[in-house]
Amino acid sequence: MLNFEDGRLFAQGACPFLYQPATEQETTPRIFIAVEVEGIRVETAIDTGGAYFVCGPEVADLLGLDPADGVETDELSIRGYKISGTLHRLSLRLLAEEGKPLQVEATAFIPRLQPYQTWALPSFMGLLGCLERIRFAVDPATNTFYFGPIDEEG
Amino acid sequence: MQVTDSDKVLVDRDTLLKTAADLGDEALFLEVAEGIDWTQRSAAEFTRAVHLALAAGAHLFARKLARRGAEQYPDHEELQKLARILAPARVMTIDLPPDKSVRENQIWLREHADEYKGQWVALRDGDLLGAAPTADEVWERLESRENVLLTKVR
């Protein structure tokens, strides 16, 4: 595991990541890690340029969320695109192959699709509202994603 | 086109906020929003402005405004919900053992991506439990959902 000079832990958990494009149309690979979303395990892209945990609607349908717990948004700007949907507070768990998993209570956005629309993207973890309180590091030599909380002393 | 004094129209800040949101112009939105005296604004105006900030892509400002509105109007249900949902992520380490299945599932995905591309698959400990064109089809067919990774093969 990764440590600071004074011995404190930088990361308390680590997991392997997949390095693959997010859609069939893309060729640029992204980092995907396994995350448990309210108890359902999914592969999730890391998107440091994005905001919130954006939950793919196919997975969101399985979560059985109570609409009363969320806030409807007619328009939310995600990476320059206006999308309608619902904001929720969801519990995510970053699964650890080494060390300890990390529980994250994050802002989640669930897109609402029109009947003629399909969601080609995966679920992804953005910085604001999701990754913002996590220390993380990537080792491309071993495809390892390290993570730890910034709120606790290591 | 030459603009004369008689062509100039005074536009109130609320209209400008809406315009900035419609344009997805975060910089304009922030410029206008920061000139508003929010201590004089009603709960409904706070709520509307938070939604406009989300539409403008001003996500951090939306969080700040929701928190401020919730403090100013502690009995307003919608503002309380917005503040809770948009609050900074909270993280905590969980005392659970490492999970080796994360790597086993990723190995399966790497080895079988071409065979199942575009399909939803359910995996446990590196074994395929089911595959179908939609997530809910796979999920419904599972006898046990414990520690199952549900993902679309990319």
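Computed from a predicted model, the values in this text were never measured in an experiment.

J.: Can you explain the nonpolar core? Please cite residues and give values.
T.: Residues Y52 of chain A together with F29, W38 and L86 of chain B are the most contacted members of the largest nonpolar core, which totals 51 residues. Per-element accounting of this core gives the leading share, 9 residues, to helix 3 (residues 43–56) of chain B. Among residues more than four places away in sequence, those in contact with W38 of chain B are L17, A33, E45, F46, A49, F61, L65, R68 and Q72 of chain B.

J.: Lay out the packing of helix 3 of chain B against helix 4 (residues 59–72) of chain B with the relevant residues and their values.
T.: In a pair of packed helices, the angle between the axes and the distance between the axes together describe the arrangement. All names here are of chain B. Relative orientation of the contacting elements helix 3 and helix 4 amounts to 170°, with a least axis distance of 8 Å. As summarised for this structure, helix 3 and helix 4 are arranged roughly antiparallel, according to the angle between their axes. Like other packed secondary-structure pairs, helix 3 and helix 4 cross with a definite hand, here left-handed. When helix 3 is examined against helix 4, the residues F46, A49, V50, A53 and L54 are found in contact with a partner set consisting of H59, F61, A62, L65, A66, R68, G69 and Q72. Split by residue class, the contact of helix 3 with helix 4 holds 9 nonpolar, 3 polar and 1 charged.

J.: How would you explain the packing of aromatic side chains if you had to name every residue and give the values?
T.: By the definition in use, this model includes 8 aromatic pairs over all chains. With a centroid separation of 6.4 Å and an interplanar angle of 75°, the aromatic rings of F17 of chain A and Y19 of chain A are classed as edge-to-face. Take F17 of chain A: its relative accessible area is 2%, and that puts it in the buried class. Here W38 of chain B and F46 of chain B contribute two aromatic rings whose centre-to-centre distance is 5.4 Å and whose plane-to-plane angle is 40°, an arrangement assigned as tilted. Ring pairing ties together the aromatic residues F136, F145 and F147 of chain A, which thus form one cluster. Sitting over the ring of F4 of chain A, R8 of chain A keeps its end group 4.5 Å from the ring centre. In this arrangement the basic side chain of R41 of chain B is found over the ring face of W38 of chain B, its NZ or CZ atom lying 5.8 Å from the centre.

J.: Can you explain the environment of T151 of chain B? Please cite residues and give values.
T.: You can see T151 of chain B is positioned in strand 4 (residues 149–152). Among the residues examined, T151 of chain B registers a relative accessible area of 5% and is labelled buried. Separated by 32 residues in the primary sequence, T151 of chain B and Q119 of chain B have C-alpha atoms spaced 8.4 Å apart. Contacts of T151 of chain B, omitting those with residues within four sequence positions, involve E43 of chain A together with L109, Q119, W120 and V121 of chain B.

J.: Break down the pattern of salt bridges for me, citing the residues and quoting the values.
T.: Residue and element names in this part refer to chain A. What the rule picks out here adds up to 16 salt bridges over all chains. Among the salt bridges present, the one from R93 reaches E36, with a minimum N-O distance of 4.0 Å. On the criterion of sequence distance, the pair formed by R93 in strand 7 (residues 81–94) and E36 in strand 3 (residues 29–37) is long-range, its members being 57 residues apart. Looking at R93, the relative accessible area reads 22%, which means it is partly exposed.

J.: Just give me the short version of the sheet that holds strand 12 (residues 144–149) of chain A, but keep the residues and values in it.
T.: Residue and element names in this part refer to chain A. The strand order across the open sheet built from 4 strands is 8-1-12-11, with neighbouring strands paired in antiparallel fashion. The sheet is open, and its two borders are formed by strand 8 (98–99) and strand 11 (134–139), each paired with just one other strand. In the sheet, strand 11 pairs with strand 12 via 6 bridges, with the strands oriented antiparallel. Pairing of F136 across the sheet is with F147, part of strand 12.

Definitions and cut-offs
Per-chain numbering applies: the sequence of each chain, read as written, is numbered from 1 onward. All chains are assigned letters beginning with A, and all ligands numbers beginning with 1, in the order in which they are written. Local features in this predicted model are restricted to residues whose pLDDT is 70 or higher, and side-chain atom pairs enter the listing and the counts only when it is 80 or higher, whereas totals over whole chains, interfaces and linings include all residues. Hydrogen atoms and water are omitted, and side-chain values are computed over all heavy atoms in the structure. Think of a nonpolar core as a cluster: buried Ala, Val, Leu, Ile, Met, Phe, Trp, Tyr and Cys residues, connected wherever their side-chain atoms sit within 4.5 Å. For the exposure calls, accessible area comes from a 1.4 Å probe over protein chains only, and a residue counts as buried if that area is under 20% of its type's maximum, exposed if over 50%, partly exposed in between. Under the scheme used here, helices are H or I runs from DSSP no shorter than 4 residues and strands are E runs no shorter than 2 residues, and both carry numbers assigned from the N terminus. Two residues form a contact once any of their heavy atoms are found within 4.5 Å. Here the axes come from fitting lines to C-alpha atoms, over the contacting stretch only for helices, and the angles between their N-to-C directions go from 0 to 180 degrees. Geometric relationships in this document are graded by angle, where less than 35 degrees denotes roughly parallel, more than 145 denotes roughly antiparallel, 65 to 115 denotes roughly perpendicular, and other angles denote oblique. Left-handed describes a crossing in which the near helix is turned anticlockwise from the far one by less than a right angle; the clockwise case is right-handed. The nonpolar class holds Ala, Val, Leu, Ile, Met, Phe, Trp, Tyr, Cys and Pro. Asp, Glu, Lys and Arg form the charged class, and all remaining residues, Gly among them, are polar. To pair, rings of Phe, Tyr and Trp, with the six-membered ring standing in for Trp, must have centres within 6.5 Å; the planes then decide the type, stacked if under 30 degrees apart, edge-to-face if over 60, and tilted in the middle. A ring is considered to have a charge above it if a Lys NZ or an Arg CZ atom is located within 6 Å of its centre and within 35 degrees of its normal. Here, a salt bridge means any Lys or Arg side-chain nitrogen found within 4 Å of an Asp or Glu carboxyl oxygen. Strands were regarded as paired on the criterion that DSSP finds at least two bridges between them.

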